[in-house]
Amino acid sequence: MRKPVWSLELVRDTNAPIDAVTRVLADGGAFHRWHPRLKVVEVRIRNADSQSFRADYTIRPCVGVEEQGCFVVRPEGDRLLLTHQVKFKGWPVLILMGWWRLRSHRMWERLVESL
């Protein structure tokens, strides 16, 4: 039997400067200030230039669950589009997915407030 997989995508836009947002996302040790689940995480930066940013991470938030996430920042008109895509794999996901969804509410807003 295959492990359950649950995907979550959170998208917001902001007028915050791209340099400030990418600096916070690149610093995996400071996530505890704004992210509901990630306290310290090692991010792998895939793209970081003046027009876009992409970083991936993989963690095990609890026994039996693997979380693979991606942060994407890109300009959208005169604003920035902030996207967090995450997949959770494992049997405990069936119990925890609702809780994680509630905890992730306003994640991007907390990041912008922390700038």
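This structure is a prediction, so every number in the text was calculated from the model and none was measured.

**Considering the pattern of salt bridges**
Phase 1 of the analysis: Within the structure shown, the criterion is met by 7 salt bridges.
Phase 2 of the analysis: Between Arg60 and Glu66 there is a salt bridge, with the nearest N and O atoms lying 3.7 Å from each other.

**Describing the packing of aromatic side chains**
Phase 1 of the analysis: Scanning the entire structure with this criterion turns up 6 aromatic pairs.
Phase 2 of the analysis: Between Trp6 and Phe88, the ring centres sit 5.2 Å apart and the planes meet at 25°, which makes this aromatic pair stacked. Here Trp6, found in strand E1 (residues 5–14), pairs with Phe88, found in strand E5 (residues 79–89); they are 82 residues apart in sequence, far enough to count as distant.
Phase 3 of the analysis: Under the relative-accessibility criterion, Trp6 is labelled buried at 16%.

**Description of the sheet that holds strand E2 (residues 44–48)**
Phase 1 of the analysis: In spatial order, the strands read E1-E5-E4-E3-E2; together these 5 strands make up an open sheet with antiparallel pairing. With one partner strand each, in any of the chains shown, E1 and E2 form the two edges of the open sheet. Pairwise comparison of adjacent strand axes, ignoring direction, gives a mean angle of 15° for this sheet.
Phase 2 of the analysis: Of the strand pairs in this sheet, E2 and strand E3 (residues 53–62) are connected by 4 bridges, and their pairing is antiparallel. Note that in E3 the partner of Asn47 across the bridge is Arg54.
Phase 3 of the analysis: Against the sheet, helix H2 (residues 93–104) engages E1, E3, strand E4 (65–76) and E5, with an angle of about 5° to E1.

Basis of the calculations
- Residues numbered from 1 in each chain as written.
- Predicted model: local features only at pLDDT ≥ 70, side-chain atom pairs only at ≥ 80, totals over all residues.
- Heavy atoms only, no water.
- Salt bridge = Lys/Arg side-chain N within 4 Å of Asp/Glu carboxyl O.
- Phe/Tyr/Trp six-rings, centres within 6.5 Å; stacked < 30°, edge-to-face > 60°.
- Helix = DSSP H or I, 4+ residues; strand = E, 2+ residues; numbered from the N terminus.
- Buried < 20%, exposed > 50% of the residue type's maximum accessible area, 1.4 Å probe, protein only.
- Pairing = 2+ DSSP bridges.
- Axes fitted to C-alpha atoms, helices over the stretch in contact; angles between N-to-C directions.
- Contact = heavy atoms within 4.5 Å.

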